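Here are the chains, one letter per residue:
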Amino acid sequence: RTLQYIRILNEYDYPFIISTKSNMPGTIEYSSALSEANAYVRFSTTVVDEISRSSLDKGCASISEISYAAEKLSSLGVPVSFRLQPIIPGHEHNAARLLSIANDSGVKHISAEYLKVPLEANTKFSPGLIALLGGDPVSVYMGLGSKRQGSEYSLPLSFRERHLVSMCKQAK
C-alpha cells in the first residue's frame, strides 16, 4: 500500500516524508519510486547498543540493514535523514557509532530527541526499557533533575545540552 501511495504522490509531485525503522525503502521497487519523488526518507533508531536495540525495537531492521538502505537511496539522490530517537540516558555514547554510520551512508540530516518518560512508565514501558532505566524510569528521571511537564517527565536542558552539543559537533 505504501508503494501505491508513493506512486500516486509522485504523479502530483506532492512533497512527503517517509519515516520508518524499516529498510524497505532501500528495496528495488521502493528506491525506484522514491528516486522520482519529492520526498525524503527518515530512518529512526533508539540510541542504545545493537543488542539492546533488538529487544526494544522488535521486528525492526538492524542498523546495518538501515545503513545499506540509506546508502542506496542516497546514491540515487534521495535525501536521507537519521532520527536518533529516543536517546536513552546513559547510552549517549552509542550515538557516536550511529553518527559515523550515518555519515558513511550518505545521510545529510540528523535529528535527535531524548526519551520522555510518562507518569505511568514504571508499569507501561517494556520490561527491556524498564531494565535499561534501572527498574524505575520515573525515579531515574527525577534523580536527573526532570520536572513533570503535563503527563510526562522530560530531562532538563542542563542534562541534555552537553550530549546534544557533542552529537551536533560530530554530525557536522
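Structural data are supplied above this passage.
This report concerns the structure included in the present document. (Residues numbered from 1 in each chain as written. Predicted model: local features only at pLDDT ≥ 70, side-chain atom pairs only at ≥ 80, totals over all residues. Heavy atoms only, no water.)

## Quick look at empty space enclosed by the protein
Using the criterion set out here, one finds one cavity of 30 Å³ or more in the structure. Of the voids in this model, the largest cavity is the one considered here, and its volume is about 40 Å³. Lining the largest cavity are Phe43, Ser44, Thr45, Ile63, Ile66 and Phe82. Looking at the lining of the largest cavity, the element that brings in the most residues is strand E2 (residues 39–47), giving three residues. (1 Å grid on protein atoms, 1.4 Å probe; cavity = no way out; pocket = protein on both sides within 12 Å on 5 of 7 lines; lining within 4 Å. Points joined across faces, edges and corners; volume = space filled by probe spheres on them. Helix = DSSP H or I, 4+ residues; strand = E, 2+ residues; numbered from the N terminus.)

## Things to note about the sheet that holds strand E6 (residues 147–149)
The pairing of strands in a sheet comes from backbone hydrogen bonds and takes either a parallel or an antiparallel form. Taken in spatial order, the three strands make up an open sheet running E5-E7-E6, and their pairing is antiparallel. Sheet topology places strand E5 (117–118) and E6 at the edges, where each strand pairs with a single neighbour. Sheet analysis places E6 next to strand E7 (residues 152–154), joined by three bridges and oriented antiparallel. Within E7, the residue paired with Gln149 across the bridge is Glu152. (Pairing = 2+ DSSP bridges.)

## What to know about the pairing of strand E4 (residues 109–114)
Alignment of strand E3 (residues 80–87) against E4, held across five bridges, turns out to be parallel. Bridging from a neighbouring strand, Arg83 pairs with Ser111 of E4. In terms of handedness, the path from E3 via helix H5 (residues 93–104) over to E4 forms a crossover that is right-handed. (Right-handed = clockwise from strand over helix to strand, strands pointing away.)

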